[in-house]
Amino acid sequence: MRKRDHPAAAIDNHRMRARAILGGAAILGAIVLWHRPSLDYGAVGSNALGCTATNDGSVCDAVAGISKVIHSPLLPSNRAALLPPPETPGAVDPAITQVNIDNTICRPGYARSARPAYSITGPLKRRMMDAQHPGDSMADYELDHLIPISIGGAPLDMHDLWLQPREGQANAGDKNVLAYVLWRLVCTHQVPLQTAQRDISHDWTRAYQLYATPENIAKYHFRHPEQERE
């Protein structure tokens, strides 16, 4: 496995997307206040803006579009295809507990120091690629810790390692954003360690929707450059 790039770019992209959505909503709100349709609360199917239909190019249509973007998940409905195989349920490092997180995973540079050397993970990734994705480029997949090392995942346990695509929806970059947000939430004592570990290992796509909200993505930024992607 090659040395992983710093995730600042992925975080920045998600922060920009979140800010764009919120900014678009604010602009749309101003437009609605400036030019809103006459309110007719008696109309069947009307709402607070007096909208009775969409797809007509009106302000109502724009409202519906913004609402859909805000409430739609990042991820497609076929979640099963985005999750690791059953033989990868996740594994934790028993040495990491809620009591000692401030002196272990929350210490800057911990994940980097605990991550196995490339001389170990490189050949391991090659064997997994040959078995699962023969003929594909190693660069197209990330050897991912389902439970990230940064929140107490086992550094070298096959129950915690899987090949995750780097492209497409719900890719490795998206999960890295979730891992970083969870690390911040755990280390600021807003989410218990075991809760974060359980949620990301049970279904990381649902955990993304729960924790990697536009607000959290915009709020949390890199205070410690040593913290790398998982």
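Predicted model, so just to flag it, every value in this text is computed and none were measured.

Novice: Which parts of the structure should I look at to understand the overall build of the protein chain?
Specialist: A count of helices and strands for the protein chain gives eight helices and two strands. When the elements of the protein chain are put in sequence order from the N terminus, they spell out α-α-α-α-β-β-α-α-α-α. Taking all 230 residues of the protein chain together, the buried fraction comes to 43%. Sequence separation of 24 or more characterises 73% of the internal contacts of the protein chain that already satisfy a separation of 6 or more. Per element, the accessible surface of the protein chain, about 12,100 Å² overall, is 57% carbon and sulfur.

Novice: Quick question: what am I supposed to make of the nonpolar core here?
Specialist: Soluble, globular proteins show a tendency: their nonpolar side chains are buried together. Judged by nonpolar contacts, the single largest core of 33 residues is most densely connected at Ile-105, Ile-151, Leu-178 and Tyr-211. Listed by contribution, the elements that provide at least two residues to this core are helix 3 (110-114), helix 5 (172-187), helix 6 (193-202) and helix 7 (204-211). When residues of this core are assigned to their parent elements, the largest contribution, nine residues, is made by helix 5. If you look at the next biggest cluster of nonpolar residues, it comprises seven residues, including Leu-124, Met-128, Tyr-141 and Leu-143.

Novice: Even after reading the chapter, I still don't get the pairing of strand 1 (residues 141-145), so can you show me in this structure?
Specialist: Remark: a regular strand shows side chains that alternate across the two faces of the sheet. With five of five residues buried, strand 1 is to be regarded as a mostly interior element. Every second residue of strand 1 is oriented toward a common face, with Tyr-141, Leu-143 and His-145 on one face and Glu-142 and Asp-144 on the other, all of them buried. In this sheet, strand 2 (residues 161-165) lies alongside strand 1 in antiparallel orientation, the contact comprising five bridges. The residue of strand 2 that forms the bridge with Asp-144 is Trp-162.

Novice: Looking at this model, I keep getting lost on the pattern of salt bridges. Mind explaining?
Specialist: Close approach of charged atoms allows side chains with opposite charge to pair. In total, this model carries five salt bridges according to the counting rule given. A salt bridge links Arg-166 to Glu-142, with the nearest nitrogen and oxygen atoms 3.7 Å apart. Note that Arg-166 is positioned in the loop between strand 2 and helix 5 and Glu-142 in strand 1, a separation of 24 residues in sequence. Residue Arg-166 is classed as buried on the basis of its relative accessible area of 14%. Across the pair Arg-206 and Asp-203 runs a salt bridge whose closest N-O atoms are separated by 3.5 Å.

Novice: Any chance you could explain the confidence of the model for the protein chain here in plain terms?
Specialist: Caution applies to low-pLDDT parts of the model: their predicted coordinates are not meant to be read in detail. Taken residue by residue, the protein chain gives an average pLDDT of 77. The fraction at 70 or more is 62%. Confidence drops under pLDDT 50 across residues 30-73; counting only partners more than four residues distant or on other chains, this segment forms 38 contacts. In this model residues 222-229 is a low-confidence stretch, pLDDT under 50, and it forms 32 contacts with partners more than four residues away in sequence or in other chains.

Novice: Would you take a moment to explain the state of the cysteines for this structure?
Specialist: Where two cysteines share a covalent bond between their sulfur atoms, that bond is called a disulfide. In the structure shown here, the tally under the stated rule is one disulfide. Covalent S-S linkage joins Cys-106 and Cys-187, the inter-sulfur distance amounting to 2.0 Å. Between Cys-106 and Cys-187, the S-S dihedral sits near -90°, and the bridge is therefore left-handed. Taken as a pair, Cys-106 in the loop between helix 2 (59-71) and helix 3 and Cys-187 in helix 5 lie far apart in primary sequence, 81 residues in all.

Reading the values: rules and limits
Residues numbered from 1 in each chain as written. Predicted model: local features only at pLDDT ≥ 70, side-chain atom pairs only at ≥ 80, totals over all residues. Heavy atoms only, no water. Helix = DSSP H or I, 4+ residues; strand = E, 2+ residues; numbered from the N terminus. Buried < 20%, exposed > 50% of the residue type's maximum accessible area, 1.4 Å probe, protein only. Contact = heavy atoms within 4.5 Å. Areas by Shrake-Rupley, 256 points an atom, 1.4 Å probe, with all protein chains shown as cover. Core = buried A, V, L, I, M, F, W, Y, C linked by side-chain atoms within 4.5 Å. Pairing = 2+ DSSP bridges. Salt bridge = Lys/Arg side-chain N within 4 Å of Asp/Glu carboxyl O. pLDDT = per-residue confidence, 0-100. Disulfide = S-S within 2.5 Å.

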